[in-house]
Each structure stands twice: as C-alpha cells, then as structure tokens.
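Topology and contacts: notes
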Amino acid sequence: MSDHPYSPHYRRKYHHVLGENRQKKFLKITFAILAFLLIATGYELYSSGVLADDTAGVSQHVFSKINEARAAGNLPLVHETDNLVNQAKVNSARMRVAPLAYSPDPSVKSGSGDAFILPKLSQLLSSFHIDQDPITTWINSDDQFHNDVMNPNFTGVGIGVESDGYNYYIVTQWL
C-alpha cells in the first residue's frame, strides 16, 4: 500500500487516425444514400414518361374523337383554326394554375368552350384497353360538351392541353 490516499490513474489517450472520424463517416454515407435515392427517383420519373410533354398527342386524340363522333352523327367534320387553338391554350394554362377557380375568359369571342381534367393515369391505362375511352366518356356524359360536338353550326375547334405531373387540363373553344 502506499502512504498516499490518492493513487494516480493513468489514462490512455486515444489517438484518432486521419479520416476515421465516425461522425464524418456517418454524414458521408448518409449523403451517398440520399444522392443515390435522388438519382434513382429522377431516373424513374424520366423513364416512366410522367415528365414527358405529350400534350400534342392528347390534343390530336381529342380532335380525332370529336370528328369520329361528328361522323357517326352524319355531321360535317370540324377543323382546327390557329386563333381558336391559341385561345384554348391560354384557357388551359389558366385552368392548370387554378383548376377549381377556373372560368372561361370573357374576352374570348368564340361560340362556346368546354373544360375537362383528365388524370394522366387514365391516359396510361387506356393503352391497356379500358372498356371506354376517357374522351368518349366525356363526350357522352357532359351534356354541354356533347351539344357542342354535335352542333352542326360549329365548323372550327381549338383544343388546348396543358399538363402537370398528375393531370391533363383540356379546354376546347368552338366557332
């Protein structure tokens, strides 16, 4: 025993090797995982077609369905006019910004206008042969749109389509 009531404790110092900081390793691994997930999500969105701008194909599809319905009713086919298309594109852009508060622009001097929101999922599923095409359903279920399609006085139509990640915003202008 020693004469001193206090016995010295020898502490061993731990020396960190450069690059061995555990907190920095954790941050590096976390950032690597987040970067991988971000890249994988971006690739999935890009490859799925959700981000693709396919509004021209949708407007052509709507135009062909309108003329099919008119041909079935023995009516003359309508044609697209640049002025009506521009008006419809402006209105579809307005509807994309505020779909619930949308109302047609009162300064537009066309015969009539219709608006429709088509979920992108239904457009995707139409390639898997759903019983009824969404545009044909719109023609048959919306009385105002059906009357516009079947109106023999209308000779021109403008179709504007805008989209976001989830929906197509379709507006038709008739003259």
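Residues numbered from 1 in each chain as written. Predicted model: local features only at pLDDT ≥ 70, side-chain atom pairs only at ≥ 80, totals over all residues. Heavy atoms only, no water.

**Let's talk about a nonpolar patch on the surface**
Among the surface-exposed residues, Phe 26, Leu 27, Ile 29, Phe 31, Ile 33, Leu 34, Phe 36 and Leu 37 lie close enough to one another that they form a single nonpolar patch of about 890 Å² accessible area. For Phe 31, the position within the fold is in helix H1 (residues 22-48). Phe 31 gets classed as exposed once you look at its relative accessible area, which sits at 56%. (Patch = residues over 30% accessible without salt bridge, like charges linked within 9 Å, V, L, I, M, F, W, Y side chains within 5 Å. Areas by Shrake-Rupley, 256 points an atom, 1.4 Å probe, with all protein chains shown as cover. Salt bridge = Lys/Arg side-chain N within 4 Å of Asp/Glu carboxyl O. Helix = DSSP H or I, 4+ residues; strand = E, 2+ residues; numbered from the N terminus. Buried < 20%, exposed > 50% of the residue type's maximum accessible area, 1.4 Å probe, protein only.)

**Thoughts on the sheet that holds strand S4 (residues 167-174)**
The four strands are arranged S1-S3-S4-S2 in an open sheet whose pairing can be described as mixed. With one partner strand each, in any of the chains shown, strand S1 (79-80) and strand S2 (112-119) form the two edges of the open sheet. With seven bridges connecting them, strand S3 (residues 156-163) and S4 associate as antiparallel partners. Pairing of Glu 162 across the sheet is with Tyr 169, part of S4. Of the strands in this sheet, S1, S3 and S4 touch helix H2 (residues 55-72), which is tilted by about 145° from S3. Together, S1, S2, S3 and S4 form the strand contacts of helix H3 (residues 82-97), whose direction differs from that of S3 by roughly 30°. (Pairing = 2+ DSSP bridges. Contact = heavy atoms within 4.5 Å. Axes fitted to C-alpha atoms, helices over the stretch in contact; angles between N-to-C directions.)

**As for unusual backbone geometry**
The phi dihedral of Asn 74 is positive, around 55°, even though this residue is not glycine. By the element assignment, Asn 74 lies in the loop between H2 and S1. By relative accessible area, which is 72% here, Asn 74 ends up exposed.

**Thoughts on the packing of aromatic side chains**
For the coordinates displayed, the defined rule picks out four aromatic pairs. Measuring from centroid to centroid gives 4.4 Å for Phe 116 and Trp 138, while their planes differ by 15°, and the two rings are stacked. Of this pair, Phe 116 sits in strand S2 while Trp 138 sits in helix H5 (residues 134-141), and the two are 22 residues apart along the sequence. Among the residues examined, Trp 138 registers a relative accessible area of 3% and is labelled buried. Three or more aromatic residues joined by ring pairs make a cluster, and in this case those are Phe 116, Trp 138, Phe 145, Phe 154 and Trp 174. (Phe/Tyr/Trp six-rings, centres within 6.5 Å; stacked < 30°, edge-to-face > 60°.)

**Describing H5**
Along an α-helix, a turn takes 3.6 residues, which lines up residues three or four apart on a common side. Restricting attention to buried positions, one finds in H5 the residues Pro 134, Ile 135, Trp 138 and Ile 139. Projected down its long axis, H5 shows its buried positions confined to an angular sector of 145°, all on one face. Facing away from the buried surface of H5 by more than 90 degrees, the exposed residues are Asn 140 and Ser 141. (Arc of directions from axis to C-beta.)

**A closer look at H3**
Its 16 residues give H3 an end-to-end C-alpha distance of 23 Å, which sits within 8% of 22 Å, the value for a rise of 1.5 Å per residue. Three or more residues of H3 are buried, namely Leu 84, Val 85, Gln 87, Ala 88, Asn 91, Ser 92 and Met 95. With its buried residues spanning 160° around the axis, H3 presents them on a single face. Exposed residues lying more than 90 degrees from the buried face of H3 are Asp 82, Asn 83 and Val 97. Elements that come into contact with the buried residues of H3 comprise S1, S2, S3 and S4. (Expected span 1.5 Å × (residues − 1).)

**Re the pairing of S3**
Burial runs high along S3: seven of the eight residues are buried. Strand direction decides the pairing type here: S1 and S3, joined by two bridges, are parallel. Across the sheet, residue His 79 finds its bridge partner in S3, namely Gly 156. In sequence, S3 turns back onto S4 through a hairpin of three residues.

**What to know about the pairing of S4**
Among the eight residues that make up S4, eight are buried, leaving the element largely enclosed by the rest of the structure. Here S4 shows two buried faces, one formed by Asn 167, Tyr 169, Val 171 and Gln 173 and the other by Tyr 168, Ile 170, Thr 172 and Trp 174.

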